[in-house]
Amino acid sequence: MSEGEDAGGAGEGARPRLPPGQAARFEHRPQHYGRVPVFRPERWDFRVFGATASLGTYRWTWDEFGSLPRTDVVRDFHCVMRFSVPDVPWAGVPATEIVRLAPPSPEVTHVMAWGEYGYSANMRVGDFLSEGVVLATHRDGARLAPEHGFPLRLVVPHLYGWKSVKWLRSVEYMVGDRRGFWEERGYHNGADPWKEERYSHQERPGNGPPRR
Ligand SMILES: Nc1nc2c(c(=O)[nH]1)N[C@H]1C(S)=C(S)[C@@H](COP(=O)(O)O)O[C@H]1N2
Ligand SMILES: [Mo]
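Here is a short report on the structure shown in this document.

Cut-offs used in this document
Residues numbered from 1 in each chain as written. Chains lettered and ligands numbered in written order. Predicted model: local features only at pLDDT ≥ 70, side-chain atom pairs only at ≥ 80, totals over all residues. Heavy atoms only, no water. Helix = DSSP H or I, 4+ residues; strand = E, 2+ residues; numbered from the N terminus. Rg over C-alpha atoms; globule rule 2.2 N^0.38 Å. Buried < 20%, exposed > 50% of the residue type's maximum accessible area, 1.4 Å probe, protein only. Areas by Shrake-Rupley, 256 points an atom, 1.4 Å probe, with all protein chains shown as cover. Pairing = 2+ DSSP bridges. Axes fitted to C-alpha atoms, helices over the stretch in contact; angles between N-to-C directions. Polar contact = N/O pair within 3.5 Å; in protein donor to acceptor, adjacent residues only side chain to side chain. Core = buried A, V, L, I, M, F, W, Y, C linked by side-chain atoms within 4.5 Å. Contact = heavy atoms within 4.5 Å. Near = heavy atom within 4 Å. Nonpolar A, V, L, I, M, F, W, Y, C, P; charged D, E, K, R; others polar.

Looking at the overall build of the chain
Within the chain, the secondary structure is distributed over three helices and eleven strands. Ordering the α and β elements of the chain from the N terminus gives β-β-β-α-β-β-α-β-β-α-β-β-β-β. Taken over C-alpha atoms, the radius of gyration comes to 17 Å for the chain, in line with the 17 Å a tight globule of 212 residues would show. Based on the C-alpha atoms only, the size of the chain along its principal axes is roughly 55 × 40 × 30 Å. Across the 212 residues of the chain, 48% fall into the buried class. On the chain, roughly 11000 Å² of surface is accessible, and the fraction owed to carbon and sulfur atoms is 51%.

Okay, structure coming up:
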């Protein structure tokens, strides 16, 4: 391989392969806060709640979730700890499919993704509906490993990795913005890696709700 290929073949003026301040790491070492939960299929469900158009809550058992339409996506994965994992192949249910089956009220502006033990991450509804956002059950053609979010994780590849909630259990539709777990603890509300939105002290008015 020649030296120039390291940049991913990006020509003069083209977008670089990785966002600023990121280095490639090919080994996907798990990164999370707290314990890895045990999966009990008979107790597991996935819910959509909050400001749905019907005001009702939607619920899928593990079996029901398994019959939803699926997609494959391959995306770079960017952790705020300055490493990126290139070309991660994910498979699962597109977020757009969840929103189609559980329509939000027209006032919904943001969603909160909830994992086991109350881990959470907020994002604009437009980010949730972005191309490539998937509720993933598989990575590299195999079921997710427990430490990577088995049985279900969110993947929001265009934002820093902490928005990609592992052990996903529900999505809350919100009519305003509210901070999730890391967004309350000093991380940027927006989390766009191409703008290096790493820390909340970089936020400008309008980037997010006040911190508690
Ligand atoms: N539930 C939960 N999801 C989480 C985290 C966490 O601590 N808890 N960490 C996030 C962070 S900071 C990153 S970079 C990615 C890492 O995903 P991976 O362990 O599969 O590489 O998971 C995200 N999802
Ligand atoms: Mo991360």
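Things to note about the sheet that holds strand β3 (residues 58–61)
The mixed open sheet is built from five strands, whose spatial order is β3-β2-β11-β6-β7. Of all strands in the sheet, those bounded by a partner on one side alone are β3 and β7 (120–124). Each neighbouring strand pair of the sheet contributes to a mean axis angle of 15°, computed without reference to strand direction. By the bridge criterion, six bridges tie strand β6 (residues 110–115) to strand β11 (residues 168–174) in an arrangement that is antiparallel. Residue pairing in the sheet places Trp-114 in a bridge with Ser-170 of β11.

Quick notes on the side chain of His-188
Counting through the fold element by element, His-188 comes out in the segment after β11. Assessed through its relative accessible area of 2%, His-188 is described here as buried. At 2.8 Å, the side chain of His-188 and the backbone nitrogen of Gly-190 are in polar contact.

Focus on the nonpolar core
Looking at soluble globular proteins, one finds that nonpolar side chains tend to be buried together. Phe-46, Phe-65, Phe-128, Leu-135, Leu-154 and Tyr-173 are the most contacted members of the largest nonpolar core, which totals 38 residues. Within the residue set of this core, elements represented by two or more residues are β2 (45–50), α1 (62–66), α2 (95–101), β6, β7, α3 (125–128) and β11. Other than its neighbours up to four places away in sequence, Phe-65 contacts Trp-44, Phe-46, Trp-60, Val-93, Ile-98, Leu-135 and Leu-152. By size, the runner-up hydrophobic cluster in this structure holds eleven residues, among which are Cys-79, Phe-83, Ala-136 and Leu-144.

Things to note about the site of ligand 1
Contacts to ligand 1 come from 17 residues, most closely from His-28, Tyr-33, His-148, Arg-153 and Lys-166. Contact between ligand 1 and His-148: an oxygen atom at 2.6 Å from a side-chain N or O atom of the residue. At a separation of 2.6 Å, an oxygen atom of ligand 1 approaches a polar side-chain atom of Arg-153. The fraction of the free accessible surface of ligand 1 (530 Å²) that becomes covered by protein chains is 96%. Counted by class, the shell around ligand 1 contains eight nonpolar, six polar and three charged residues.

Let's talk about unusual backbone geometry
Omega for the bond connecting Phe-150 with Pro-151 falls within 30 degrees of zero, at 10°, which places this linkage in the cis form. Residue placement: Pro-151 occurs in the loop between β9 (142–143) and β10 (153–155). Within the chain, Leu-55 stands out as a residue other than glycine whose phi angle is a positive 70°. With respect to the helices, strands and loops of the structure, Leu-55 is situated in the loop between β2 and β3. Its identity as a non-glycine residue notwithstanding, Trp-167 has a phi of 50°, on the positive side. With relative accessibility at 8%, the residue Trp-167 sits in the buried group.

Overview of the environment of Asp-72
Examined against the element boundaries, Asp-72 turns out to sit in strand β4 (residues 71–79). In sequence terms Asp-72 and Leu-168 are 96 residues apart; their C-alpha atoms lie 18 Å from each other. Setting aside anything within four residues of it in sequence, one finds Asp-72 in contact with Trp-90 and Ala-91.

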